[in-house]
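As a plain string of letters, each chain reads:
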Amino acid sequence: MTIEPDDMPTGVDLLHDPLRNKGTAFSATERDALALRGLLPPRIFTLDDQVDRALEMYGHKTTDIEKYIFLISLQDRNETLFYRLVVDHVVEMLPIIYTPTVGDACQAYGHIFRRPRGLYVTANDCGRMRDVLRNWRAREVQVIVVTDGERILGLGDLGAYGMGIPVGKLSLYTALAGIHPAECLPVMLDVGTDNETLLDDPLYTGLMQHRLRGEAYAEFIDEFVMACQDAFPGALIQFEDFATRNAITLLERYRDTILCFNDDIQGTAAVTLAGVVAGLRITGQALTDQRLLFYGAGAAATGIADLIVCAMVHAGLDRETARRRCWFIDSKGLVVASRNDLAPHKRPYAQEEEFITDLAASVARVRPTALIGVSGQPRTFTEAVVTEMGQVNERPLIFALSNPTKKAECSAEEAYRWTGGRAVFASGSPFPAVTLDGKRLTPGQGNNAYIFPGVGLGTIAAKATRVTDEMFYAAANTLCEQVPDEMLEQGSVYPPLTSIREVSARIAVAVAEQAFSSGLATAPKPDDMLAHVRSLMYEPVYRSYI
Ligand code: NAD
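Conventions and cut-offs
Residues numbered from 1 in each chain as written. Predicted model: local features only at pLDDT ≥ 70, side-chain atom pairs only at ≥ 80, totals over all residues. Heavy atoms only, no water. Axes fitted to C-alpha atoms, helices over the stretch in contact; angles between N-to-C directions. Helix = DSSP H or I, 4+ residues; strand = E, 2+ residues; numbered from the N terminus. Contact = heavy atoms within 4.5 Å. Nonpolar A, V, L, I, M, F, W, Y, C, P; charged D, E, K, R; others polar. Patch = residues over 30% accessible without salt bridge, like charges linked within 9 Å, V, L, I, M, F, W, Y side chains within 5 Å. Areas by Shrake-Rupley, 256 points an atom, 1.4 Å probe, with all protein chains shown as cover. Salt bridge = Lys/Arg side-chain N within 4 Å of Asp/Glu carboxyl O. Lys, Arg positive; Asp, Glu negative; His and termini not counted. Charge placed at Lys NZ, Arg CZ, Asp CG, Glu CD. Pairing = 2+ DSSP bridges.

A. Looking closely at the packing of helix α5 (residues 79-88) against helix α6 (residues 90-97). Relative to each other, α5 and α6 sit at 115°, their axes nearing to 6 Å. Contacts between α5 and α6 involve Phe82, Leu85, Val86, Val87 and Asp88 from the former and Val90, Met93 and Ile97 from the latter. Residues that form the contact of α5 with α6 fall into these classes: seven nonpolar, no polar and one charged.

B. Main features of a negative patch on the surface. On the surface, a cluster of negative charge is made up of Asp48, Asp49, Asp52 and Glu56. Looking at the secondary structure, you find Asp48 in helix α3 (residues 47-59).

C. Just the sheet that holds strand β1 (residues 119-122), in detail. What the five strands build is an open sheet, ordered β1-β3-β2-β4-β5; its pairing is parallel. Among the strands making up the open sheet, the edge pair consists of β1 and β5 (260-262). Each strand axis lies, on average, 25° off the axis of its neighbour in the sheet, ignoring direction. Looking at chain direction, strand β2 (residues 143-147) and strand β4 (residues 236-239) are connected through four bridges and run parallel. For Ile144, the partnering residue across the bridge sits in β4 and is Ile237. Its contacts with the sheet place helix α12 (residues 244-254) against β4 and β5, and it is angled at close to 160° to β5.

D. Focus on the sheet that holds strand β8 (residues 370-373). Taken in spatial order, the six strands make up an open sheet running β7-β6-β8-β9-β10-β13, and their pairing is parallel. Of all the strands in the sheet, just β7 (326-329) and β13 (444-445) have a single pairing partner and so form its edges. Pairing between β8 and strand β9 (residues 397-400): four bridges, direction parallel. By the bridge assignment for β9, Ile372 is matched with Phe399. Packing against the sheet, helix α14 (residues 299-314) makes contact with β6 (292-295), β7 and β8, and its axis sits at approximately 175° to β7.

This is the structure we're talking about:
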């Protein structure tokens, strides 16, 4: 985004503009020209000096939530400094600005509230959403992340407190893929909450009413989506943390008509497929020989299975055979054809098998090569379950993806200990490395942040009109290719987080190429796609205003 001279604020207004504020780094000339003289302490510092100061303050924070509050407050004051800090300390700060700490922050959002971020579109705005969207400061929105707060991580309905999720996800778009912060729009659709604790909370910041449902909800979302097309034509909409039934319905409703995707379904699918395929680089097996047992049969689980089926079809299996390689357990038990209570998204995966409810017994019956936890049910991969996986496999793939950490189906340490270090383990939230019998094992984090920023950047690079499953398949393959052999040797199926901007750039190239080859790109095709993608990436450095 370029700053036009006539919309350049000066004086106190400039210091309160987080996109342009440089704080003590404004030069003497800028201080004179922009009416800042006297408003800042006299000594002039560099961005590096400011990073050092911020790091020192950050180091004094003793809890993760205090660190979160510190970083968000910094983002509110000076976005360049915030992003410089996060980009240069991504391993340490990603778990603070996103999962798992963002989960704690959302639960306490009204209580740690400092300044508003993002846009709230509420049930009271029906009929005037275009006007509400026009209140947003920027006209060049490229990415919108939107939630209705009903299924925040694995924490359930957090109503308006769910705003922490779009805010956090868009910070990752900027930090990890270089989408300019001025081009990112976090949106909270406040359609009420059915969380009685929040409705009883005197500091709750959302509408004090129960959720819109049925036709009223569908009309509300339709108006929002249409208002976005009007106010920000061509912007990518990422649906985030909607309850399963709405997540699946909204994706089906809009995926073929507007530029959108659902990260919980498609982003999760791509990061998990990449982890499975990288895991097979460790075990030396073929994807077409895998049998996967999903613990949980919600939006994430069937989204992963759909993409794994797509990958198996690419590898030569027919669709029906590929589907038979995917088994599911939901809250009632094994997803089998004799059940008459299956939601539509589960039915294609119902197996001709006897109904059982017990996970360990299911592992013994199905003999899966991979066990994928997406249930939101903590500590359900018990010693008996994991041991059974170790008995039916030389190198079992065990992915405990439920977030945040306290919801994980098992810990890395448990998966390794109960299989004698043979498990190839990945989780949704980070776990520390484990040393077992003198060998250091580094669990991979199946973080969607490896995928969605690069996908978004790719759609921008190509000016794509749709987001397709083939783009996520391309993104997953690219991610898998980026895992270095030395990471695989330690048991990690994902690349180091420190390389994530490079990973995002490569994914963006793969997604943009896919857009061009499928006729969904409207930009002129560049000769060098990687150079084009890199040229679009925002770098958090100060620019001179004079
Ligand atoms: P969801 O509510 O759509 O699905 C949850 C599923 O778990 C449902 O099918 C439900 O029947 C099943 N379930 C509930 N209790 C169960 C039990 N006791 N035994 C077996 N199954 C049970 O939610 P979702 O969007 O699919 O997300 C599920 C989990 O996956 C969440 O915890 C989320 O944090 C996690 N997730 C992780 C990542 C990631 O790490 N990259 C991405 C997305 C989702």
